[in-house]
Structures are given as structure tokens and as C-alpha cells.
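Residue strings, one per chain:
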Amino acid sequence: MIESVEKLVKVRASAQTSFYPEKVKISVGVGTCGLANGAGDILASIKDEISRLGLDVTVRGTGCVGFCEMEPIVDVLMPGLPHVFYHHMTSEKARELVQSLAEGKVRPDLALMRMDEDQLFSRIDRPLTGGLKGLDDVPTAEQVPFYRSQVKIASCNCGFIDPHDINEYIATGGYSSLAKVVTEMTPEAVIDEVERAGLRGRGGGGFPTGKKWRICRSQPGQEKYVFCNGDEGDPGAFMDRCIMEGDPHSVLEGMAIGAYAIGAARGYIYVRGEYPLAVSNLNIALEQARSLGLLGEDILGSGFNFDVGIIRGAGAFVCGEETGMMASVMGHIGTPRQRPPYPAEAGLWEKPTNINNVETWANVPVIIDRGADWFAGVGTEGSKGTKVFSLVGKVRNTGLVEVPMGTTLREIVYDIGGGILKKRRFKAVQTGGPSGGCIPESLLDLPVDFDKLQEVGAMMGSGGLIVMDERTCMVDVAKYFLHFLVDESCGKCVACREGVFQMYKILERIVAGDGRAGDIDLLQELCSYVKDTSLCQLGGTAANPVLSTIRYFRDEYEAHIERKKCPAGVCRALVTFSIDEDNCKGCGVCIKSCPSDAITGEKKQPHRITPDKCVACGVCYEDCPFDAILAE
Amino acid sequence: MITLTIDNQPVEVDQGQTILTAAKAAGVEVPTLCHHPAVPPAGACRICVVEITGGGQGGLVPACAYPAQEGLEIETRSERVMRSRKMTLQLLLARSGGAKVIQDLAAEYGAKVMPFEKLDDDCIMCGLCVRVCQQIIGPEAVGFAGRGMQREVCTPYKEKSEVCLGCGACAYLCPTGAIDPADYCTHPLEGIPNEFNCGIDSRTPIHLPFPQAVPNKPVIDRDNCIKFLTDGCGACKTVCPAGAIDYDMTDEYVQEKIGAIIVATGYELLDPSIYEEYGYGKYPDVVTSLEFERMVSASGPSNGELTRPSNGKPPKTIVFLQCIGSRREVDGKPYCSKICCMYTAKHAILYKHKVHDGQAFVFYMDVRSGGKNYEQFVRRVATEHQATYLRGRVSKIFPQGGKLIVRGADTLSAGQVEIAAEMVVLAPAMLPAEGVTALAQKLRIGYDEHSFLLEAHPKLRPVETNTAGVFLAGACHSPKDIPESVAQASAAASKALGLVCHTSLLREPTIGVIDEASCNGCFECEPVCAYGAIGPKELRGHDNTVTAVVATINEGLCQGCGACSVTCRSKSIEVQGYRDDQLYAEINAISR
């Protein structure tokens, strides 16, 4: 039990000792991405090998360090030496690694990078006392392009601490911000600090967080709520999941600080049902925080009471909309309602309620810890701090990246992301999920912040970045997102339910080759209608995928409608595949992959596609190592 | 109060009101589909969008759900608004193109059929049914299931609902007529029969008892009102602009001192289903004359359109049967109901007005058309309106080939006739209103073996009863038509006025008097008084304490019959002018 700030300082000191033990410490990234890549087996193998060899080594699981492409990742810390991250681990490699460690050796051959300064991934630092010991040739994190321009604020600690152990969070400075707030600062001072930091809501809207808190605080009534929106539903986005899985305490601490500032004694975290690991890690974190008295009554002897409940969503995207979420929490169907009244005025059970997204809450402890000025020093004029993006799609380095606001898309895609897979041409990057838009190559030098993205017809959204190459059909992409939205529209208002459905049907006929003259105009008309007339922001932004693709890729639409061609070779009704006999090396890859046995040919002889049998699935087009398949 | 501007016109509304309310206050029309004043708003149909052009975050907002705020500037028909409404209607045309309300609005806003995917679904998902069921009525029988285009209104697990009250609020509010509680309710739904229309149609729990009711105000039928059954609803109170709804009002007893009573309790009709040969209650096309009256009435359930209850088509052949239960000694009423001949003649004319090519037949025993111009009227029915009058009675009615075969005797041609009728109208016997005997007993007035009230004298005092101050008017006395009823009522009113227009009652002095000194208060006289004129009287001494209770006679009621006088053992009651001493004096004078 930590009853006072003094006790917290003591606990931190002892936690730090065990955080940097005088023995080897092995950490395996067991976030959902790691587990999907086999991290569970690796953790088991390492434990097994250690007990087989009878070694005295600390082994634990951590969250995701963000570099999903390199998963499974294992971090080895030897006393006095830098962290060494090993990538693409397998059970065999892991056993080998343990064996080497038993002999006191590091394995530069398996290493991805070393980390000389722990502050890159956390708020803690320590001197290196053991030199480099054979790690000279392993690049440092700053030298790895993926990490070079990243600044970790919200995702700091992710992959660095064990989310199942509150002491590790405390060791890296956790709960010291809460301690500072409840003992030294008035609620107004906290709001001032957050406002001065210029923190804006990371859920997509970008509303100034401090202002939101102030509105909620100024509402009459004793009973207020703080809410954490963890219903991250955008396809291709997983920032919030990583934070909740890898650093759940930062969310809890942020919420506690917010609750203190607003005057709330109760908080809820709404986690989407598809995130079981996040729920379980949050529950563990909650239990530990409660047992140490960091949540509950009279926190740190300050008289401030606060506790948090976890609510699991049931799979509705629209419950990420704040009024829909509150309806869901109160036991109603998760459909949004007209605002005003805003949640800050009449939210959960008609009480003032402050809703922020996971990433926003995770920023708060760092702002209090490092100060508003430091935070405001990162980012751009209108958008301060960093933004976590989940970088996915046709890019080499997929993963979670946290970059200062204002970083250009080119840096993200080419420097951090390492460029397009298979050296194909970049076509567009989709930001903000189904609410966002596609940004073309001409705007790659756009500094990414809330306002700039809005200007080009996209939006920050929660931070999904989907990179698309030349073989992506933009009409098909628009159709994909609309299909998602048709499925996920709650169906309450006509504009979103009927409007988006009819837009989808128009796109469906365009990709089927039945597009009509005037369809683009009709789509645009529907877009502006849906945007203008919808009840909530799901509908309000539903037009963005269509509008932005028409804006930047109108020629593709025209090709589909007028020439009945899909330039990217994706839309099956509009494409015929043939083999370029000059380029075909006769390797047979396409023959193996063809599901309809449409490709014939001898080894090392140019192959042929039998048009009658071809179902235009495009598998050969994707698989051909020599780009010898032609799509027309 | 909040002041905002709607279409450049300042409006004041109370805090908590919506833009829609403010628009109404300003006399600005805003179309709605998913809105009802008694139901919490949803903002779902988006047809009521208006544009905020100043004083707040701009943009389109639903007038029905957006709160009126100080300083808002609203335009209800800006170009942006009209464009949005038009597209909303175009989308709804694609979804529910068959719904009239959508077609009408589409025409108004110039919405066209667009190259959209067509859906044949009348439900526009406005959710009024769900909201009224969940938030107003309360049983939560219907709700939404599914999301997006899969969203639908249904009961839990789409099983028939046991909690549905069958109140019909959902169907009542549905703008497109897409919902019918009969589809999802486990128990059969019965409308509340409209009593005034003989139960031909149904009415709501709040209703006007009949057109031109006095007072002409709606009443709440507590036996059927959800508010009184389950304490749900209360919608009427929400919407009543006059604040006139008061659920706490109860019936009360009113005591008044009055000088005269006129009994005008009217009549009812004999239930003809007791005569199986006519098939009333068994064949829908056999109706009573009163039901027929409502069917052809312009204010009736079908607005005057005459159709067969069985198939909704106009009856091409109609048969009127008179004397159903009247002039029927054995199993009916021996008296003539008097009005049937004339109203049947009228009905035959009305029938021809409704069905020009139809043929009417009338079975009669005797046409009794005694009255000014009555005979000429009946003749006209037969001549101008070609109704065939058949003298005889009907022995049987049975269905055949979608028609009713009316088999009867035509005594004038001495043969049997069979008519294939599409509708049969019965003229049942007239009965005094139910409960009139209990009333008569209270009023101490007489009634005959058929419960018609008795007049004091059939020739000389046809309006009065034997109880002074109680008069008769209309069919409570005997079967009467309207002119006779009016005449009698006028006479009764004159008689009553004759009583009450004086400050004192002037009457014959031959009434009973009580000798209070000798009355011992046994009150044996009280039950023998046919007029209820005898009551108790307290005698008080000097100190105002009750010394004795003796009988007293109400001088207004006493008819001087002397029944009390002969009953009194102590000889304390005598009739004035006929006292013993007076009689003895008379005898003495004669015998002197």
C-alpha cells in the first residue's frame, strides 16, 4: 500500500533496483502482434532453455515496441550493457541465444539494434557501465531508420516494461505525475498545464483537451465521469490496442489526473470486444493499482478518490462515437444521438462526462512529468506533441510509429516505412480509416497534423496510415471503406444509412463495369449530402474516402466508367490478364498459384493464360517475381 | 425565455424547447416524419433539417432534436436545406417509394426517382413505433435489431410478443402505415368498439362520445386508457396545448335542490339475434336499422358510403324487414314500435340515393303511416324510388352463393317469395332504456309490464306522472317518433316551468296534515305513501333538545289520497277538507 508520496518515492527506488537487475534480463514482446508471430512459443522456449541450463535470468513479457515487421522481437539486457533487440526470432534462435548468453556472449548476428539510451523508449535513463562488449557493429536505435525520427511520448514504455507489473511502471517514473498533481497542484493548475501544452484529442477530432476538461469542470453538479475511448475500430489501426496492452498504467494515471482536474470520482474505459489482451492487461493493472492504493479512496493521502471500471464493447464501430458509446454503456443500443447537449454537459446518466481517447490519456502523465513547455516544444504551431500512427499496407516496415506532429508523409512512408514493397510505385496513403481520405503522391511532403490533413480532404482519425502502391485500385479502395461503413452504420439516420448504402451500390456497379455517365456527379452529390445531413460523425466523414479518391484519382473513376478498364488491374470484371512472353522466365510460380488452372506452359518456356478459364483473381499478377503478367 | 431568429423573424420560446417548437411558434412550417410532440425526438429522418446561419456552430441540424439557443439564426428553406431535404426524399423514394407520405413530400420538394438501388420497404426506420412503445407506453414490445441497412423493427427474437398491449400506438404514429401490431402480438387485438356507430368501427380511448355532444369535448375512457391501465403513456397531457388533461379528475356526486324532474331516458332496440331465422349476428350482411343508419350517415364510419360488411361492395339488392319483435305476442313484444314504418321508408330512399341501380324490398305487416304527410311519404318510396313493398313475414334467411336468400310470404299474392339479397336490414322492436325501472322506483313513478313509464292519466295528464313534479318526455313513455317526442318534451318543459316560475307553490289544499301532539312517531304511514311525501321531523323543547320525532308531510308531494290517514293508529293524520269532524258535521247537517 502506498499511502503517501514519500512511500511512492521509496517504492520507486526499490523498483528501479529490480528493473535493472544484476543479472541478465530477457524480455519478449508478447503484445497481440508478437503473439500472432509466435512470441508465446518463444517465451516458452526461452524459459525452458533457461531452466534446462539452470541459469539465473529474469524473463518476462512486454508489450509491442512498434516494429511489427520485425516481430517476434526479444530484448536482452545485460548488466551495464545497452539493450539489444533481436528480431524475427524463432524457438531455435531463441534457444541458441540463451545458450550464448549463458556463455556471457552477445549475438550481433541476430541483433536488430542496440539501445544506448533508455530514454528513447521510456522516461528512465541509466548510464552504460559495461562498454559495448562486441556490440560495436550493431546499429543503435537512432541509426535504425524506423526509429530515427520517432519520439515516444504516448507509446513510451510500450515494449519496454512488463505491463503485468506495476512496479516496472513505477520504476520508470509512473504515478509520479499523479502524485505531483494531487499533492502540489490545484485542478485549475492541471487544466492550465494541459491547455498550455496544447494537447489535442488524439481520437480524430483534435479538440483541445484542456478546453474540454475546463468545460466539464465548469458544469454544475457533484457527480461527473471521465471516460476513456478504447473502441478503436478503424481498419488498419492498432495504436490504442498497443498502448492498452503494453502500458495500461499510463492510461489509468492519465485518467486519474484528468478526473482530479475535472472533479470526477469515477472513470470508465470502453474497450472494443476484439481486444481481449488489452482487457486482461487493463484488469491486471487496475487490480495492482487498487491494491497499492493508487486507485480507490484517498489516493496518496490527498483525499482524492477515483476508480475505474472496464466496459467491453460488443463489436459495433459506431460505439466509438461518444454518444453511441454512452448509450452502449447505459445498456441501450449503441446509436448516437443529436448533440447538443454535449457529453460535457449531459453525458453518462445525464451527468457531465469527459471523454478522451486512449492515446490522449497516455500523453497526460508525460505532460505533467516533463512540463507543458517541453511538450509544446514538440510538433507544429497548431498541433503539439507527437502522434502515434499504425503504418500498414504496401510498405516495407509496418508497425507502430510515433512521430512529432508535422513530420511529412514522405518521411513516414519512405524513411520510417522504408518505402514501398517490391519497389513498386507509391500511389496513395490512406489516413484516418473509413473517416479519412487518400492522399496522393503529389502531397507526400505534407507535414502531418490535424489541420493540414483536414485541408487536403483527409483526417487524422485515430492514426491509421495505409500505404497503397500502383496496384491498388482507388475505386476499389473507396468501395472497401464504404462497405465497411454500410456494415457499421448504426442505421438510425436516413442520411448515413441510405446515403452511404446507395453510394456503395454506385461504386459496386462502377467496379462491375456497369458504371453510368453521371455516376461521379451523383456520388459527389451524395457525398456532400451525407456529410451535411448525417446525425453523427460516422456519417459526417463517411464521404471522405469517396471524395478524396475522386478528387485525386478522378481519372481512375473515368477509366472504370467510360473505358470499362481498371488501370490497377484489381476490379475483376474490368481486367484481363495476359503473359508478357518477353519477360516470362517460365518459372511456374503462376501455374502453382492459379486457382482455376488457367495457366499452362513448359518449364523455362513462356507460359500462357487460357482466357476462358481465367477468373481474373489476380493471384498470378501479384505473385509473378518478374512482373511478367500484364493486366489490361 | 430564449430569443432566436427563424427566417429573419425573432421568436421567443422557453428554455428547453427545440427549434421545431420555435418554428411552430413563428408560424414557420417544417416538414417532419420521425417526429411526434408526445414522443422524445430522435433526429432520425433528417427531413426537418434547418440551417444554422449564425449564433452557433453553422450547418444543418434537425429542428426536432436541436435545442433552441439564445441568439441562433436559423433558415428553414435555404438552398442547402432544400438540397438536403430533396436528397433525403430521393433516398426514401428508393427505399419506400410506395408510401404516400413520401410521395407527397417528394412532389413538394421536387425529389425525383434516382438511379439508386430500389428497396420495397414501407418502413422508413423513423423509430416512432419503437420510441412510443419503449418510452411512452412502456411494454417495450418492439425494438430495433440489426445495424445499418439490416436495421429492422421487430420483437425480441422476432417471436410474437406477449407483452404487447395491443394499444396500437405504433400503428397510429407510423407515418407510412408499415406496422401492424396484429403481426407481432400473441393475443388477438380488438379495437375499442365505437358505441355511437354501433360498434361498426373502433375509437380511441380519448373520444368525442358522438358528434354534437353536449358539451362538445373529448372524454377519456378509463377502462381502455393506457394511463389508467398501466400508468404508462400520458401522451395526451404532453401534447394538449391548453393543459386541459387532468388524470386525477374523478366522478362525483352532486346534490341539488330542484323543483321538477323530467324523465327522458329514451329507448333501445331489441337484440334481434334471439330470432335465429333472421341470422343476425351470424351473417355479417344482416344488420339492424340503427347500424344501417350509421352506415349511410355522412358522419358515420364509412363517411356515408354504403357497402356490404362481408365484402365491402355496394349491395345491389337490399331487403328491409319490419316488425322484428314488435307485434309479436308469443316471443316478442305485443305493441307496435310505431317508428319503424316511417324510418324504413326513409332508409329505402337513402338506399336508392347511395346505390342508384339497387333494388329495395320491404316486408311489412301493415304500413302505419298515421301522421302529417306520412302516407304520402311512404307512397313516394314505392313510386318514385321503386321500393317493392311485400305484405308478409319472413320465415328464414340463409346464405347462398355469396348472397342471402330471404324467404317469406307475400300474403297479397298468396304465395311464397325468395329474394337473393346482398344486405338485410332488420327493424327491431323498441324497448325502454335499460335500468329505467330502477329509476322509476327511485322516483316513485309507475311503469307498465314492458317497463314503459306510466303517465298520470292517458288523456288528461299525459305528461305528468302520479308523483307531483315528475314529468315524462319521449320514448321512455311509449314508442314515439321525433315529432311526438318533441311535442311531449315541450309540454313537459312547460309543466316544469309552470312549477318553478313561481316563488311559492300554489295547489289544491286537500292534503294530509299531521297532529304532531298525538303522533307517536311509529312511521307506519311512511311506507304506505305512494308519493314519498312522508318523512321524519324533530320536535325541540325550549333548550333546543330533541323531545320527539314525529311524521311530517311534504305538502308539495302529497296528493291527498288518504292512505296514511287510514293507516295511522293514533288517528293523527287527516286529509284537509275531509277531517272526521268535517265529515261528521256534513253528516249531521244532512241528517238534521
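Residues numbered from 1 in each chain as written. Chains lettered and ligands numbered in written order. Predicted model: local features only at pLDDT ≥ 70, side-chain atom pairs only at ≥ 80, totals over all residues. Heavy atoms only, no water.

### Quick look at the overall build of chain A
When its secondary structure is counted, chain A shows 24 helices and 18 strands. For chain A, the C-alpha radius of gyration of 26 Å lies close to 26 Å, the compact-globule estimate for 632 residues. Summarising its shape, the C-alpha atoms of chain A cover approximately 80 × 65 × 40 Å along the three principal directions. Split into buried and exposed, the 632 residues of chain A put 62% on the buried side. Long-range pairs, those at least 24 residues apart, make up 72% of the contacts in chain A with a sequence separation of at least 6. Accessible surface computed for chain A: about 22,500 Å², of which carbon and sulfur atoms make up 50%. (Helix = DSSP H or I, 4+ residues; strand = E, 2+ residues; numbered from the N terminus. Rg over C-alpha atoms; globule rule 2.2 N^0.38 Å. Buried < 20%, exposed > 50% of the residue type's maximum accessible area, 1.4 Å probe, protein only. Contact = heavy atoms within 4.5 Å. Areas by Shrake-Rupley, 256 points an atom, 1.4 Å probe, with all protein chains shown as cover.)

### What to know about the pairing of strand 26 (residues 546–553) of chain B
Residue and element names in this part refer to chain B. For strand 25 (residues 534–540) and strand 26, the ladder comprises seven bridges, and the chain directions are antiparallel. Among the inter-strand pairings, Lys 537 is bridged to a residue of strand 26, identified as Val 550. The hairpin formed by strand 25 and strand 26 contains five residues between the paired strands, and Asn 544 there has a positive phi angle of roughly 70°. (Pairing = 2+ DSSP bridges.)

### Remarks on the interface of chain B and chain A
If you look at the interface, chain B gives 34 residues, while chain A gives 35 residues. For the pair chain B and chain A, the summed buried surface comes to about 2,800 Å²; carbon and sulfur atoms form 57% of the total. Our enumeration of links across chain B and chain A arrives at four salt bridges. Between Glu 117 of chain B and Lys 505 of chain A there is a salt bridge, with the nearest N and O atoms lying 3.9 Å from each other. Counting across the chain B and chain A interface gives 17 residue pairs in polar contact (both at pLDDT 80 or more). Going through the elements one at a time, strand 4 (59–62) and helix 2 (79–96) of chain B are the ones with two or more residues in the side of chain B that touches chain A. Looking at the side of chain B that touches chain A, the element that brings in the most residues is helix 2 of chain B, giving eight residues. Tallied by class, residues from the side of chain B that touches chain A come to 21 nonpolar, seven polar and six charged. (Buried area = accessible area lost by both parts, 1.4 Å probe. Salt bridge = Lys/Arg side-chain N within 4 Å of Asp/Glu carboxyl O. Polar contact = N/O pair within 3.5 Å; in protein donor to acceptor, adjacent residues only side chain to side chain. Nonpolar A, V, L, I, M, F, W, Y, C, P; charged D, E, K, R; others polar.)

### Considering helix 4 (residues 91–102) of chain A
All names here are of chain A. The first and last C-alpha atoms of helix 4 sit 16 Å apart over 12 residues, in line with the 16 Å expected at 1.5 Å per residue. Turning to helix 4, its buried residues number three or more, namely Ser 91, Ala 94, Leu 97, Val 98, Ser 100 and Leu 101. For helix 4, the elements touching its buried residues are strand 1 (25–29), helix 3 (39–53), strand 3 (74–77) and strand 4 (83–86). (Expected span 1.5 Å × (residues − 1).)

### Observations regarding unusual backbone geometry
At the junction of Glu 71 of chain A and Pro 72 of chain A, the peptide bond is cis and its omega measures out at -5° in the coordinates. Note on placement: Pro 72 of chain A falls in the loop between strand 2 (58–62) and strand 3. Although it is not a glycine, Tyr 175 of chain A adopts a positive phi angle of roughly 65°. Among the structural elements, Tyr 175 of chain A can be located in the loop between helix 6 (166–171) and helix 7 (176–184). Taking relative accessible area as the criterion, Tyr 175 of chain A reaches 1% and is therefore assigned buried. If you check the backbone angles, Arg 444 of chain B has positive phi at about 55° while not being a glycine. Mapped onto the elements, Arg 444 of chain B comes out in the loop between helix 11 (436–443) and strand 23 (470–472).

### Quick word on the pattern of salt bridges
Residues and elements named next belong to chain A. Under the counting rule described, the total for this entry stands at 68 salt bridges over all chains. One salt bridge connects Asp 118 with Arg 126, and the closest N-O pair in it is separated by 3.1 Å. The same class applies to Asp 118 as to Arg 126, namely buried. The partner of Arg 471 in a salt bridge is Asp 627, and the shortest N-O contact between them spans 3.4 Å. Of this pair, Arg 471 sits in the loop between strand 14 (464–469) and helix 18 (474–488) while Asp 627 is found in the loop between helix 24 (619–623) and strand 18 (629–631), placing the two residues 156 residues apart along the sequence. Residue class for Arg 471 comes out buried when judged on its relative accessible area of 11%. What makes Asp 627 partly exposed here is its relative accessible area of 39%. Residues joined in a network through salt bridges with shared partners are Lys 394, Lys 422, Arg 424, Asp 469, Arg 471, Glu 622 and Asp 627.

### Some points on the nonpolar core
Among the nonpolar cores identified, the biggest contains 126 residues, and Tyr 175 and Phe 306 of chain A are the most heavily contacted of them. Per element, the largest residue contribution to this core is nine residues, and it comes from helix 11 (residues 248–262) of chain A. Sequence-distant contacts of Phe 306 of chain A, that is, excluding residues within four places in its chain, are made with Val 226, Met 255, Ala 256, Ala 259, Ala 264, Ala 265, Arg 266, Gly 267, Leu 295, Gly 296 and Ile 299 of chain A. Ile 355, Leu 522 and Cys 571 of chain A together with Ala 169 of chain B belong to the second-largest nonpolar core, a separate cluster that totals 87 residues. (Core = buried A, V, L, I, M, F, W, Y, C linked by side-chain atoms within 4.5 Å.)

### Digging into the sheet that holds strand 7 (residues 266–271) of chain A
All names here are of chain A. On the basis of which strands lie adjacent, the open sheet formed by four strands has the order 8-7-6-9 and parallel pairing. Whereas interior strands pair on both sides, the edge strands pair on one side only; in this sheet they are strand 8 (307–312) and strand 9 (353–357). The sheet shows a mean angle of 20° between the axes of neighbouring strands, direction not considered. Pairing geometry for strand 6 (residues 225–230) and strand 9, over five bridges, is parallel. Paired with Val 226 across the strands is Asn 354, a residue of strand 9. Sheet contacts for helix 12 (residues 276–291): strand 7 and strand 8; angle to strand 8, the most-contacted strand, approximately 165°. (Axes fitted to C-alpha atoms, helices over the stretch in contact; angles between N-to-C directions.)

### Quick look at the pairing of strand 20 (residues 415–421) of chain B
Residues and elements named next belong to chain B. Sheet analysis places strand 19 (residues 403–410) next to strand 20, joined by seven bridges and oriented antiparallel. Looking across to strand 20, one finds that Arg 407 is bridged to Glu 418. The turn joining strand 19 and strand 20, which pair antiparallel and follow one another in sequence, is formed by four residues; a positive phi near 55° is taken by Ala 414.

### Focus: the sheet that holds strand 16 (residues 359–364) of chain B
All names here are of chain B. The strand order across the open sheet formed by five strands is 14-21-15-16-17, and the pairing between neighbours is parallel. Each end of this open sheet is capped by a strand with a single partner; those strands are strand 14 (286–288) and strand 17 (388–391). Each adjacent strand pair in this sheet contributes to an overall mean axis angle of 20°, direction not counted. Pairing between strand 15 (residues 317–324) and strand 16: five bridges, direction parallel. Paired with Leu 321 across the bridge in strand 16 is Phe 363. Contacts from helix 9 (residues 340–354) reach strand 15, strand 16, strand 17 and strand 21 (423–428) within the one sheet, and its direction differs from that of strand 15 by about 170°.

Function cannot be read off these values alone, since they describe shape.
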